[in-house]
Amino acid sequence: MKIKILIFLQLFHFSLFAQNNNFYQHLKQEWTKEFSDAKDIIKTYRENMKETGKRNTPSAIQNKCFMLIQSGRYIIQNKGEKADIKFLLREIPPIKLNNPTVTAFIQENNPGQFTDYYYMIQALKKGESFDEARDGISFSTQFPVRPLNHNDYTKLKEILSGNNTLLHQIYLKKLKFLFQNNGCPKEIADLRPSIESHVVDSPLKQEILSLYEQYAPLREGMPAPLSSLQDANGILYTFNDFKGKVIVADIWATWCCSCIEKMPKFIQLQNEFRNQKDILFISISIDQKNARNKWLKALEENKMTGLLNLISYPTENSHFETDYHVIGVPRYFIIDKEGKIVTVFAPGPGKEMKELIQNILK
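All values derive from a computational prediction rather than experimental measurement. (Residues numbered from 1 in each chain as written. Predicted model: local features only at pLDDT ≥ 70, side-chain atom pairs only at ≥ 80, totals over all residues. Heavy atoms only, no water.)

1. Some thoughts on the nonpolar core
- Counting 113 residues, the largest nonpolar core has Ile188, Ile195, Phe239 and Ile357 as the members making the most contacts within it.
- Counting residues per element, this core draws most heavily on helix H3 (residues 58-77), at 10 residues.
- Residues contacting Ile195, with those up to four places away along its chain left out, are Leu160, Leu172, Leu175, Lys205, Ile208, Leu209 and Tyr212. (Core = buried A, V, L, I, M, F, W, Y, C linked by side-chain atoms within 4.5 Å. Buried < 20%, exposed > 50% of the residue type's maximum accessible area, 1.4 Å probe, protein only. Helix = DSSP H or I, 4+ residues; strand = E, 2+ residues; numbered from the N terminus. Contact = heavy atoms within 4.5 Å.)

2. A few points about the packing of helix H6 (residues 111-125) against helix H8 (residues 150-160)
- Packing of H6 against H8 leaves a shortest axis separation of 11 Å and a crossing angle of 125 degrees. If you check the angle between H6 and H8, you find them oblique. Considering the relative orientation of H6 and H8, their crossing is right-handed. Facing H6, whose interface residues are Thr115, Asp116, Tyr119 and Ala123, H8 presents Asn151, Lys155, Glu158 and Ile159.
- By residue class, the composition of the contact of H6 with H8 is 3 nonpolar, 2 polar and 3 charged. (Axes fitted to C-alpha atoms, helices over the stretch in contact; angles between N-to-C directions. Parallel < 35°, antiparallel > 145°, perpendicular 65-115°, else oblique. Left-handed = near helix turned anticlockwise from the far one by under 90°. Nonpolar A, V, L, I, M, F, W, Y, C, P; charged D, E, K, R; others polar.)

3. Focus on the pattern of salt bridges
- Enumeration over the complete set of coordinates arrives at 14 salt bridges.
- Here the salt bridges share partners, and the residues they tie into one network are Asp116, Asp135 and Lys155. (Salt bridge = Lys/Arg side-chain N within 4 Å of Asp/Glu carboxyl O.)

4. Some words on the environment of Lys174
- Relative to the assigned elements, Lys174 resides in helix H9 (residues 165-182).
- Each C-alpha atom of the pair Lys174 and Leu156 lies 9.8 Å from the other, and the pair is 18 residues apart in sequence.
- Filtering out sequence-adjacent residues up to four positions away, Lys174 remains in contact with Ile137 and Ser138.

5. Points about the sheet that holds strand E4 (residues 279-285)
- The 7 strands lie next to each other as E2-E1-E5-E4-E3-E6-E7, forming an open sheet whose pairing is mixed. The sheet terminates laterally at strand E2 (236-237) and strand E7 (341-343), the two strands that pair on one side only.
- With 3 bridges connecting them, strand E1 (residues 229-231) and strand E5 (residues 308-312) associate as antiparallel partners. If you follow Leu229 over to E5, its bridge partner there is Ser312. (Pairing = 2+ DSSP bridges.)

6. Thoughts on helix H2 (residues 38-52)
- Along its 15 residues, H2 runs 21 Å from first to last C-alpha, staying within 8% of the 21 Å computed at 1.5 Å per residue.
- Every buried residue belonging to H2 is among Ala38, Asp40, Ile41, Ile42, Thr44, Tyr45, Asn48, Met49 and Thr52, and all of these are buried.
- Between the side-chain oxygen at the start of H2 and the backbone nitrogen of Lys39 there is a gap of 3.3 Å, and the oxygen is on Asp37.
- One or two steps after H2, the chain reaches Gly53, where phi turns positive at roughly 80 degrees. (Expected span 1.5 Å × (residues − 1). Polar contact = N/O pair within 3.5 Å; in protein donor to acceptor, adjacent residues only side chain to side chain.)

7. Quick notes on the state of the cysteines
- Under the counting rule described, the total for this entry stands at 1 disulfide.
- Two residues share a disulfide in this structure: Cys256 and Cys259, whose sulfurs sit 2.3 Å from each other. Because the sign of the S-S torsion sets the handedness, a value of about 85 degrees for the bond joining Cys256 and Cys259 places this disulfide among the right-handed ones. An identical accessibility class is assigned to Cys256 and Cys259; each is buried. (Disulfide = S-S within 2.5 Å.)

Printed below as a string of structure tokens:
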């Protein structure tokens, strides 16, 4: 009798699985069409919900997931500008990322993109602007790079303190690039306990934890490493030589087109503070020693002679690029009057950098 019941239950569960799988394929086909507007997306979602019956069945949850993907794509394609997006946001149902059906769906449907859409839509529903709501963690050529904001940090915190192991691995990989481009500000430092306690041990986890150690000396308030730098006349300097002044440094190279393109803005910013005696604008080139003549020529060509121009001068105990983890340029540093780091991942020359400098000088 027990064997017959067991066989019956197995056949019943197999039948349910087959039915759900068939309906999943049906949903997938329904959601692959082109959607002309938000009304079309909403219509497809509602019609599919009628077929799924109960709202919390696996099929209903899968339909919600497909709705979220297509809504996210529509919002991104239209940069959040179309008027019908506000109606679409009202219709998008709540989804729990840690739900087993959602987890299975994510594994099959571009988990990184799904998560970006999920958090973007949450932020938009709270009234955030499109630019504030869109993902700022991953590099994209589709939109201008913007600094990480509270939405990005909320996303990282929730994912790394959750139990979705797939998303853990995806976002640990992203953290590697965040360290390179942002260092270890307080918001990144605050993620460490979640990583230590919630993420399963792996070589990637250990690599991220080692990055916390490597970037710790570059956090705000730490003494700026005293790497050797040299001017055009061969005189050696370290940041210690400029104590008593706020240092604003542009880290560049002659081979970096973006660096040269932004240099006039840096010089313009220097001119705006020309009457301030307690601030010093400097440029630091990471060109190799054999490119010294090229560096000197570039200073003239780019009208940089009004700056204090220095070049990295590696010694046995000092290497500027290694000490400051300079992976790419341009980079911008701000060091306070006491020789302590304000940030070695400052925003580029412009309004945000200017406001940061003004706050330090107050």
